[in-house]
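# Fold and geometry: a report
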Amino acid sequence: VNLHHSDLPVSVKIKGFNPLVPADAEKSGIPIAFLAFELTNNADQNVDAAISFSMQNFIGDDGRFGVSALNKNEYRQNEDLRGIYLYSEGVDKASEQWGTIAITTTSTDHISYRTNWKKQHWGSSILDFWDDFSEDGMLDERPSTGEDRPMASLASKVKLSPGEKKEIEFMISWHFPNRKAWSAAILQNYYTSKYMDAWDVARKTIPAATALEEETLVFLTAFMDSDLPDVVKEAALFNISTLRTQTCFRTEDGYFYTWEGCNDNTGCCFGSCTHVWNYEHATGHLFGELAQKKRDIEFGLATYDDGLMNFRVRLPLENSLTFGRAAADGQMGAIMKMYRDWQLSGNNEMLARLYPNVKKALQFCWIPGGWDANRDGVMEGVQHNTMDVEYYGPNPQMGIWYLGALRAMEEMARYKGEEDFARQCQALYENGRNWLDENLFNGEYYIHQIQLPDNMDDIHPNLMAGMGGDNRLDPEYQLGEGCLVDQLVGQYVAHICGLGYLVDPANLKATLNSIMKYNYKDDLSDHFNCFRSYALGDEAALLMAS
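The notes below deal with the structure included here. Please read these numbers as outputs of a predicted model, since none were measured by experiment.

### Topic: the overall build of the protein chain
- Secondary structure summary: the protein chain contains 12 helices and 20 strands in total.
- For the C-alpha atoms alone, the extent of the protein chain along its principal axes is close to 80 × 50 × 50 Å.
- Of all intrachain contacts in the protein chain linking residues separated by at least 6 positions in sequence, the fraction that spans at least 24 positions is 67%.
- Summed over all atoms, the accessible surface of the protein chain reaches about 25300 Å², with 51% contributed by carbon and sulfur.

Listed below in structure tokens is the structure:
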């Protein structure tokens, strides 16, 4: 960000980064943000310039409710670090809201600070701050007024000769050990096992800051210099930021968990939902270690002896088998991602350890009342899925996920020397592929053949999550002849996994054209939507189904 005004002698460039080093989750998980302010003197005389960084000590206030905090700010200084340590004497150290923050600088030029501001009253506190700071670029301390959330300010003043540039760098580091998430008990955050507190984060990270910035830029520069279209670069790079939000977290044991997203004050939709995270492949390619941790949870901890995979995992981990529901797309996608992560990592030990449950997860399709009880390579059974409903009968979305899982299982079984099982998977795949092309492709796209069971005994009870209509023998929310935007998602993942085309390539191309023809709208002004609108008015969007 460049800030410049023709009437001012100093221009400012603001640079910010947080370490992002692909294939290194440790360096990419440091709880610190760097903000550098580059000052340039554009005048023909010496100029004094100062930057002040201010932050309220909000420890104890997580946005849902405020805790009587008794927070304190303390100025600290050692050889290469100066700053303010933010802590609390009133927040319970066993609560999620307890932790420490540090605002620090490596600058040594004319450092000044405030650990408190004048007590707030009709703007008087910020007026007092500005009167003080604007006079000479230095801050005078203010006595504590006993406020629960005192303001902290740290400033550095430099002298610039004509044309000279200088940089003032500030860091924000944090250390909040406790997390409940969707757990029945308090968990510990992984990153806090590496540091004693927020000051320790800054102290240990500063010596490596230059190298961390260089490694981050190596990745970003290589990516931005590629010949990918700008829209692809934006979509791919911007979405990596989700890994830095409260949507994702690691616990002290190193396991990696994910919400589906974030509400204003809490996570949304617990349990590292398998079918939601089917769509995301940045983690597997950038941080394979974390992706493999997810496979450990899915197959090592969340899969029953009969192959049912809990598509949401409760915490703490001793509760990982208590959800008791399977999702067709989530389970098939997990098999494909297992193949992906094994291919990317070459981790044969992981494959050997998890393979028995990966095999069971596929065989679960064939149980009585299951997704493919007649073992013909087509999912006819009741299929709970990421639309938060159950589809009854063959459909392209679950059907193609299943084909992809069969192909991935075939490759893994063949590597394990289980030729008979590999051939069985191959035969089911070939039959299922031909059946989908012959029976579901209508000349433009793949459709859903609704098949209703005669009675509830025909449906395995763990295949329904209770999120469809009230009448389970005459269900609502079925696609039928509709054109579904997600019908080829399993094919997308198959390409990522190097498994090739799962159905006729000509049909796939026709389907993609049909999705754009029937589902894309360049203006939503005349489109009524009763649920979950992500675009409005004259914005363009793809409809989920048409």
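Having seen the model, we can carry on.
### Concerning the pattern of salt bridges
- Evaluated as defined, the whole model comprises 29 salt bridges.
- For Glu418, the salt bridge identified is with Lys359, shortest N-O distance 2.9 Å. Taken together, the residues Glu418 in the loop between α9 (396-415) and α10 (419-439) and Lys359 in helix α8 (residues 348-363) connect sequence positions 59 residues apart.

### Details of a nonpolar patch on the surface
- A contiguous nonpolar surface patch, about 240 Å² in accessible area, is contributed by Leu228, Val231 and Val232.
- Note on placement: Val231 falls in helix α4 (residues 230-239).

### Remarks on the packing of helix α7 (residues 328-345) against α8
- At a closest axis distance of 11 Å, the pairing of α7 and α8 adopts a crossing angle of 160 degrees. As the angle between them shows, α7 and α8 are arranged roughly antiparallel. Judged by the sense of rotation from one axis to the other, the crossing of α7 with α8 is left-handed. On α8, the residues touching Gln331, Met332, Ile335, Met338, Asp341, Trp342 and Ser345 of α7 are Asn348, Met350, Leu351, Leu354, Val358, Ala361 and Leu362.
- Among the residues making up the contact of α7 with α8, the classes are represented as 10 nonpolar, three polar and one charged.

### Thoughts on the nonpolar core
- Grouped together as the largest cluster of nonpolar side chains are 60 residues, with contacts concentrated most on Phe299, Met332, Ile335, Leu362, Trp371, Tyr402 and Met412.
- A total of 11 residues in this core trace back to one element, the largest contributor, which is α9.
- In this structure Ile335 touches Phe299, Val358, Ala361, Leu362, Ala405, Ala408 and Met412, once residues within four positions along its chain are discounted.
- With 28 residues, the next largest nonpolar core counts Val12, Phe37, Ala43 and Met55 among its residues.

### Remarks on empty space enclosed by the protein
- Under the defined criterion, the tally for this structure stands at two cavities of 30 Å³ or more.
- If you trace the largest cavity, you find it lined by Trp277, Glu280, Thr283, Ala291, Lys294, Arg295, Lys337 and Arg340.
- Secondary structure elements with two or more residues in the lining of the largest cavity: α6 (288-301) and α7.
- The greatest single-element share of the lining of the largest cavity, amounting to three residues, is contributed by α6.
- Of the residues assigned to the lining of the largest cavity, the class counts are two nonpolar, one polar and five charged.
- When its volume is computed, the second largest cavity comes out at roughly 50 Å³.
- In this structure, the second largest cavity is lined by Phe256, Ser272, Thr274, Lys294, Ile297, Glu298, Asn310 and Val313.

### Some thoughts on a negative patch on the surface
- A grouping of Asp131, Glu135, Asp136 and Asp140 is seen on the molecular surface, where their side chains present a negatively charged patch.
- Mapped onto the elements of the fold, Asp140 is located in the loop between α1 (124-136) and β9 (151-160).
- Relative accessible area serves as the criterion here: at 45%, Asp140 is assigned to the partly exposed category.

### A few points about the pairing of strand β6 (residues 81-88)
- Counted residue by residue, β6 has seven buried out of eight residues, so it is predominantly covered.
- With eight bridges joining them, strand β5 (residues 71-78) and β6 adopt antiparallel strand pairing. When the bridges of β6 are listed, Tyr75 appears paired with Ile84.
- As defined by bridge partners, β6 adjoins strand β7 (residues 100-105) across five bridges and the pair is classed as antiparallel. Residue pairing in the sheet places Leu86 in a bridge with Ile101 of β7.

### Some points on the environment of Gly284
- With respect to the helices, strands and loops of the structure, Gly284 is situated in helix α5 (residues 282-286).
- Each C-alpha atom of the pair Gly284 and Met309 lies 20 Å from the other, and the pair is 25 residues apart in sequence.
- If near-sequence neighbours (up to four positions away) are discounted, Gly284 is found in contact with Ala291, Arg340, Asp341 and Leu344.

### What about the side chain of Ser88?
- Relative to the assigned elements, Ser88 resides in strand β6.
- A relative accessible area of 8% places Ser88 in the buried class.
- Within polar-contact distance, the side chain of Ser88 engages the backbone nitrogen of Gly90 at 3.1 Å.
- Polar side-chain contacts of Ser88 include one of 3.1 Å to the backbone nitrogen of Val91.
- Ser88 has contacts with Ile59, Ala69, Leu70, Asn71 and Trp98, leaving out every residue within four places of it along the chain.

### Structural notes on the sheet that holds strand β4 (residues 47-56)
- The antiparallel open sheet is built from three strands, whose spatial order is β4-β9-β8. Of all strands in the sheet, those bounded by a partner on one side alone are β4 and β8 (111-114). Across this sheet, the average inter-strand angle for adjacent strands is 15 degrees, counted without regard to direction.
- Relative to the sheet, α1 contacts β4, β8 and β9, its axis offset from that of β4 by approximately 155 degrees.

### Let's talk about the environment of Asp253
- Mapped onto the elements of the fold, Asp253 is located in the loop between β13 (248-250) and β14 (256-258).
- Between the alpha carbons of Asp253 and Ser345 there is a distance of 21 Å; along the sequence they are 92 residues apart.
- When sequence neighbours within four positions are dropped, the list of residues in contact with Asp253 reads Lys293 and Leu317.
- A distance of 2.6 Å separates a polar atom in the side chain of Asp253 from a polar atom in the side chain of Thr251.

### Quick look at the side chain of Ser272
- Mapped onto the elements, Ser272 comes out in the loop between β16 (267-268) and α5.
- Those residues within four positions of Ser272 in sequence are excluded, and the remaining contacts are Trp182, Phe256, Tyr257, Thr258, Trp277, Lys294 and Phe311.

### Some words on the packing of aromatic side chains
- What the rule picks out here adds up to 23 aromatic pairs.
- Ring plane angle 80 degrees and centroid distance 6.0 Å describe the contact between Phe37 and Phe170, whose orientation is recorded as edge-to-face. One end of the pair, Phe37, is in strand β3 (residues 32-41); the other, Phe170, is in strand β10 (residues 165-175), with 133 residues separating them in the sequence. Neither residue differs from the other here; Phe37 and Phe170 are each classed as buried.
- Between Phe219 and Phe223 the ring centres are 6.3 Å apart and the planes differ by 40 degrees, which places this aromatic pair in the tilted class. One end of the pair is Phe219 and the other is Phe223, both in helix α3 (residues 209-224) and four residues apart, which spans about a single turn.

Reading guide: rules and limits
- Residues numbered from 1 in each chain as written.
- Predicted model: local features only at pLDDT ≥ 70, side-chain atom pairs only at ≥ 80, totals over all residues.
- Heavy atoms only, no water.
- Helix = DSSP H or I, 4+ residues; strand = E, 2+ residues; numbered from the N terminus.
- Contact = heavy atoms within 4.5 Å.
- Areas by Shrake-Rupley, 256 points an atom, 1.4 Å probe, with all protein chains shown as cover.
- Salt bridge = Lys/Arg side-chain N within 4 Å of Asp/Glu carboxyl O.
- Patch = residues over 30% accessible without salt bridge, like charges linked within 9 Å, V, L, I, M, F, W, Y side chains within 5 Å.
- Axes fitted to C-alpha atoms, helices over the stretch in contact; angles between N-to-C directions.
- Parallel < 35°, antiparallel > 145°, perpendicular 65-115°, else oblique.
- Left-handed = near helix turned anticlockwise from the far one by under 90°.
- Nonpolar A, V, L, I, M, F, W, Y, C, P; charged D, E, K, R; others polar.
- Core = buried A, V, L, I, M, F, W, Y, C linked by side-chain atoms within 4.5 Å.
- Buried < 20%, exposed > 50% of the residue type's maximum accessible area, 1.4 Å probe, protein only.
- 1 Å grid on protein atoms, 1.4 Å probe; cavity = no way out; pocket = protein on both sides within 12 Å on 5 of 7 lines; lining within 4 Å.
- Points joined across faces, edges and corners; volume = space filled by probe spheres on them.
- Lys, Arg positive; Asp, Glu negative; His and termini not counted.
- Charge placed at Lys NZ, Arg CZ, Asp CG, Glu CD.
- Pairing = 2+ DSSP bridges.
- Polar contact = N/O pair within 3.5 Å; in protein donor to acceptor, adjacent residues only side chain to side chain.
- Phe/Tyr/Trp six-rings, centres within 6.5 Å; stacked < 30°, edge-to-face > 60°.

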